[in-house]
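# Structural description and commentary
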Amino acid sequence: MRALGDTESATTLLYLPTPPIIDTGTPLSYSRLCELNGNHWRKILIILAKLQTTESTWRDYRDEQLLRQHEAIVFGDQLLTGHQLHIVAGKASWLRLGLDLQHFTPMEASGRLFRQENIILTPYPDYRQFPNALIDQLRPVIQAFRSGG
């Protein structure tokens with residue numbers, strides 16, 4: 001599996017090192033992914049929903065829209081070409097994709113978010129490494145990119 005969601009239509013691509021177990025016989029859904037993969041993937045999908053939500057609550061977004069329109073999760077060894085916002089999560093992903101932190105600019109004081117044009121390096125999406133305060137700092141950047149700003 002190379003990706004979850006439609007990488008062609010997504011405006012945000014999240015890069016992770018390891019794909020989840022999926023059930024190819026059922027439609028992709030939050031509940032089924034969590035059932036098959038447990039708490040680890042529940043955390044990843046909640047953080048992604050919090051980053052991507054606009055008008056609805058993140059819970060509604062997670063349950064009804066996540067991975068269906070604005071975002072996809074990619075597991076490949078190179079950045080996909082296109083004009084999407086590329087969010088590369090965790091140092092393992094940064095290294096696998098050959099991204100050098102020296103070419104990126106810090107986006108906030110704690111030094112956990114870095115940007116170079118349409119590529120953002122973030123911590124791995126886990127509550128300890130990616131708390132709500134960091135989500136709140138990154139969400140407006142994602143929304144501005146999505147709206148073309």
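Look up a bit, the structure's there.
Notes on the structure in this doc start here. (Residues numbered from 1 in each chain as written. Predicted model: local features only at pLDDT ≥ 70, side-chain atom pairs only at ≥ 80, totals over all residues. Heavy atoms only, no water.)

## Remarks on the overall build of the protein
A tally of helices and strands in the protein yields 5 helices and 7 strands. Counted from the first residue to the last, the protein has its helices and strands arranged as β-β-α-α-α-β-β-α-β-β-β-α. For a compact globule of 149 residues, the expected C-alpha radius of gyration is about 15 Å, and the protein comes in at 14 Å, within 12% of that figure. Principal-axis analysis of the C-alpha atoms gives the protein an extent of 45 × 30 × 30 Å. The buried share among the 149 residues of the protein stands at 46%. By sequence separation, contacts in the protein at least 24 residues apart represent 61% of the contacts at least 6 residues apart. Of the accessible surface of the protein, which amounts to about 7,600 Å², a share of 51% is contributed by carbon and sulfur atoms. In the protein, the 15 positive side-chain charges and the 15 negative ones have mean positions that sit 6 Å from each other. (Helix = DSSP H or I, 4+ residues; strand = E, 2+ residues; numbered from the N terminus. Rg over C-alpha atoms; globule rule 2.2 N^0.38 Å. Buried < 20%, exposed > 50% of the residue type's maximum accessible area, 1.4 Å probe, protein only. Contact = heavy atoms within 4.5 Å. Areas by Shrake-Rupley, 256 points an atom, 1.4 Å probe, with all protein chains shown as cover. Lys, Arg positive; Asp, Glu negative; His and termini not counted. Charge placed at Lys NZ, Arg CZ, Asp CG, Glu CD.)

## Quick look at the packing of helix 2 (residues 39–52) against helix 5 (residues 132–146)
Contact geometry for helix 2 and helix 5: axes closest at 7 Å, N-to-C directions at 50°. The angle between the axes of helix 2 and helix 5 places the two elements in the oblique class. Within the contact between the two elements, helix 2 uses I47, K50, L51 and Q52 and helix 5 uses N132, I135, L138, R139, I142, Q143 and R146. Looking at the contact of helix 2 with helix 5, its residues break down into 5 nonpolar, 3 polar and 3 charged. (Axes fitted to C-alpha atoms, helices over the stretch in contact; angles between N-to-C directions. Parallel < 35°, antiparallel > 145°, perpendicular 65-115°, else oblique. Nonpolar A, V, L, I, M, F, W, Y, C, P; charged D, E, K, R; others polar.)

## Some words on unusual backbone geometry
Located in the positive-phi region is L67, a residue other than glycine, with phi close to 65°. Secondary-structure assignment places L67 in the loop between helix 3 (58–64) and strand 3 (71–74). A positive phi is found at E117, a non-glycine position, where the angle reads about 55°. You can see E117 is positioned in the loop between strand 6 (114–116) and strand 7 (119–122). Overall, the relative accessible area of 68% leaves E117 in the exposed class.

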